[in-house]
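# Geometric and topological summary
Here are the chains, one letter per residue:
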Amino acid sequence: MTVVTRFAPSPTGFLHIGGARTALFNWLFARRHGGRFLLRIEDTDRARSTDAARQAILDGLDWLGLEWDGAPVYQSARAERHAEVALALLDAGNAYRCYCSPEELAAMREAARKWGSGRLYDGTWRDRDPADAPEGAAPVLRLRAPLDGESVIDDAVQGRVTVHNDQLDDMVLLRADGTPTYMLSVVVDDHDMDVTHIVRGDDHLTNAFRQSLIYRAMGWAVPAFAHIPLIHGPDGAKLSKRHGALGVEAYRDMGFPAEAVCNYLARLGWSHGDDEIFSMAQAAAWFDLANIGKSPARFDIARLTSLSAHYIRAMTDDRLAGMVEPLIAGRLASRLTDTQRTRLNAGLPGLKERAKSLVDLADSALFYCRSRPLEPDAKAAKLLDGAGKAKLALARETLAEVEGWTAESTEAAIRATADAAGEKLGKIAQPLRAALTGRTVSPGIFEVLGVLGKSESLGRIDDILEPTVV
RNA sequence: GACCCCAUCGUCUAGCCAGGUCAGGACGUCACCCUUUCAAGGUGAAGACACGGGUUCGAAUCCCGUUGGGGUCACCA
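Let us look at the structure shown here. In this text, all values refer to a predicted model and were calculated from it rather than measured experimentally.

A tally of helices and strands in chain A yields 19 helices and 12 strands. Taken over C-alpha atoms, the radius of gyration comes to 32 Å for chain A, far larger than the 23 Å a tight globule of 470 residues would show. Taken over the C-alpha atoms alone, chain A extends approximately 105 × 45 × 40 Å along its principal axes. Out of the 470 residues in chain A, the part that is buried amounts to 48%. When contacts within chain A are restricted to residue pairs at least 6 apart in sequence, those whose partners lie at least 24 apart make up 76%. Carbon together with sulfur atoms contributes 51% to the accessible area of chain A, which is approximately 22200 Å² in total. Across chain A, the centroid of the 56 positively charged side chains sits 3 Å from that of the 64 negatively charged ones.

As structure tokens, then:
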């Protein structure tokens, strides 16, 4: 049997982080078993579905690298098939028409709550003669659910969960206007798409019981369920769209590499022993439903950040350059010149060691691309007081003499000068850093010297020593 | 309210199913080392089995209860 999983978002908003993890788990499970991972857009709620949201979801999956197999299935296009199944259920006596008005239904719910009953619909029309139907009332179609006994689901994550059938009422299959309800659509689509494993948030756990009733009424094989715990916010409350959950694109915009987000998400609720950092290819080789935890996890941005820093450090300079260049161009409000690009590429090794995110990296790389004269920030300016300038002048004298300008040669020269002057290296290095970068924090100063080159370096120093009044 | 689920360091978790570990790791925090700044790296520290009963020679592991948290209760998905 080929494993088939699916991710079935409704396009009513961006792909939020919880949905992304659900998609990831489905993807991982399918890959692990050499199966298929399908995408179904549940757009039957025409009023709330938007094309922008649909696109955001596709883009989000794409960014994360979660490729789905085949074309996405649009649930709205399958309404006829859903109705066909509902009618088959009716013919077989497993469904019936219900003519209750919304008012009657509301009254039933109120009564059920009052009595603490789980059965919200009392079955008024279950065995009533349709001839009794009120004039002109359009009926809904309801499933004839079992009255007693219990339903059991052997969930791959939650274990065996049992619910008494008296908790499950006769759910609506077809609305009065003939359109299918979600409960029916999901079952029909999952069946028709040959889905073997349904991996989704555990907010669907109770739905699974209702859905299993439909499968059984149709005589279809019930797929395996795996209801994964939801992700909570840092405060322990449910992380939802209205509760501070962000779309994956928000994390992309914060400068987190996709592989960091995937790694983080994979590790949230799932584990493979003590392994913390691994590629999705590795995860796909390891992935197992049994190792998904049953308790909800909190979203921890510090941990994501740490993974982000790791992946940025590990990235090749070429790839990294391609990712930060647009960010730097945005800050400069212009495309990079060849010189700027050359400096950026040469400076990347030292830069990426220190960056927490791509945004961070772009900010810290900016000084390589700025044109003279630089404007030192407040802390840097402080280092460039009278004493600082004296040290800077000393450094300039030394550097002007350096032949064969490299990080190594400039370091040797400055160290020798510092020794000769009886100064600690830091006393000279900090003003130098302030002059060359406009900051107090940067990659190693000799590396900066090497990347900038002799004339740019001396020029930046001169800008401080002999400011030209414009 | 009814039904269902969950419970190990601040956070993510290993260990639980097949009782015996100084309850392990990672992130974060703190200290020290390295050091031209900041990171990275290295070393070390603090830090948890929610509570109460059982069962057992022995319980984080099995059972019951309590408390706490979460989810679901539509002609939404």
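Next, the rest of the story.
Turning our eyes to something else, we now look at a nonpolar patch on the surface. Among the surface-exposed residues, Leu246, Met254 and Ile301 lie close enough to one another that they form a single nonpolar patch of about 210 Å² accessible area. Looking at the element boundaries, Ile301 is found in helix H10 (residues 301-314).

Another point: the protein's contact with RNA strand B. Taken together, 67 residues sit near RNA strand B, with Arg175, Gly269, Asp274, Lys294 and Arg354 positioned nearest. Backbone atoms, meaning sugar and phosphate, make up 70% of the atoms of RNA strand B lying within 4 Å of the protein. In the environment of RNA strand B, a sugar or linking oxygen lies 3.0 Å from a nitrogen or oxygen atom belonging to the side chain of Gln158. Contacts to RNA strand B include Ser271, whose side-chain N or O atom sits 2.8 Å from a phosphate oxygen. In terms of residue count, the dominant contributor to the surface near RNA strand B is helix H17 (residues 425-437) (five residues). Among the residues forming the surface near RNA strand B, the class breakdown is 21 nonpolar, 23 polar and 23 charged.

Let us now look at the pairing of strand S9 (residues 197-201). Summarising burial for S9: five of the five residues are buried, a large majority. Taken together, the five bridges between S9 and strand S10 (residues 224-228) define a ladder with parallel strand orientation. Within S10, the position partnered with His197 by the bridge is Ala224. Crossover S9 to S10 through helix H6 (residues 205-218) is right-handed.

With that out of the way, let us pick up helix H16 (residues 407-421). In a regular helix each residue adds 1.5 Å, so 15 residues correspond to 21 Å; H16 covers 21 Å between its end C-alpha atoms and thus fits that length. Three or more residues of H16 are buried, namely Ser409, Thr410, Ala413, Ile414, Thr417 and Ala418. Burial along H16 is one-sided: seen end-on, the buried residues are contained in an arc of 165 degrees. Pointing more than 90 degrees away from the buried face of H16 are the exposed residues Glu408 and Asp419. On the buried face of H16, the contacting elements are helix H15 (386-400), H17 and helix H18 (445-452).

In this section: the packing of aromatic side chains. As enumerated under the stated definition, the model contains nine aromatic pairs in all. When the ring of Tyr264 is compared with that of Phe299, the centres are 5.3 Å apart and the planes differ by 85 degrees; the resulting orientation is edge-to-face. A residue pair is termed long-range when its members are at least 10 positions apart, and Tyr264 in helix H8 (residues 258-267) and Phe299 in the loop between strand S12 (297-298) and H10 qualify at 35 residues. Members of the aromatic cluster, connected to one another through ring pairs, are Phe25, Trp270, Phe278, Trp286 and Phe287. Taking NZ or CZ as reference, Arg128 lies 4.2 Å from the ring centre of Trp125, over its face.

This part is about the sheet that holds strand S3 (residues 73-74). Taking strand neighbours across the sheet as the criterion, the three strands line up as S1-S2-S3 in an open arrangement whose pairing is parallel. Looking at the sheet topology across the chains shown, the edges are occupied by strand S1 (4-7) and S3. Pairing of strand S2 (residues 36-41) with S3, which is carried by two bridges, proceeds in the parallel orientation. Paired with Arg40 across the strands is Val73, a residue of S3. Sitting on the sheet, helix H2 (residues 51-64) touches S1, S2 and S3, and the angle it makes with S2 is about 160 degrees.

Cut-offs and rules
Residues numbered from 1 in each chain as written. Chains lettered and ligands numbered in written order. Predicted model: local features only at pLDDT ≥ 70, side-chain atom pairs only at ≥ 80, totals over all residues. Heavy atoms only, no water. Helix = DSSP H or I, 4+ residues; strand = E, 2+ residues; numbered from the N terminus. Rg over C-alpha atoms; globule rule 2.2 N^0.38 Å. Buried < 20%, exposed > 50% of the residue type's maximum accessible area, 1.4 Å probe, protein only. Contact = heavy atoms within 4.5 Å. Areas by Shrake-Rupley, 256 points an atom, 1.4 Å probe, with all protein chains shown as cover. Lys, Arg positive; Asp, Glu negative; His and termini not counted. Charge placed at Lys NZ, Arg CZ, Asp CG, Glu CD. Patch = residues over 30% accessible without salt bridge, like charges linked within 9 Å, V, L, I, M, F, W, Y side chains within 5 Å. Salt bridge = Lys/Arg side-chain N within 4 Å of Asp/Glu carboxyl O. Near = heavy atom within 4 Å. Polar contact = N/O pair within 3.5 Å; in protein donor to acceptor, adjacent residues only side chain to side chain. Nonpolar A, V, L, I, M, F, W, Y, C, P; charged D, E, K, R; others polar. Pairing = 2+ DSSP bridges. Right-handed = clockwise from strand over helix to strand, strands pointing away. Expected span 1.5 Å × (residues − 1). Arc of directions from axis to C-beta. Phe/Tyr/Trp six-rings, centres within 6.5 Å; stacked < 30°, edge-to-face > 60°. Lys NZ or Arg CZ within 6 Å of the ring centre and 35° of its normal. Axes fitted to C-alpha atoms, helices over the stretch in contact; angles between N-to-C directions.

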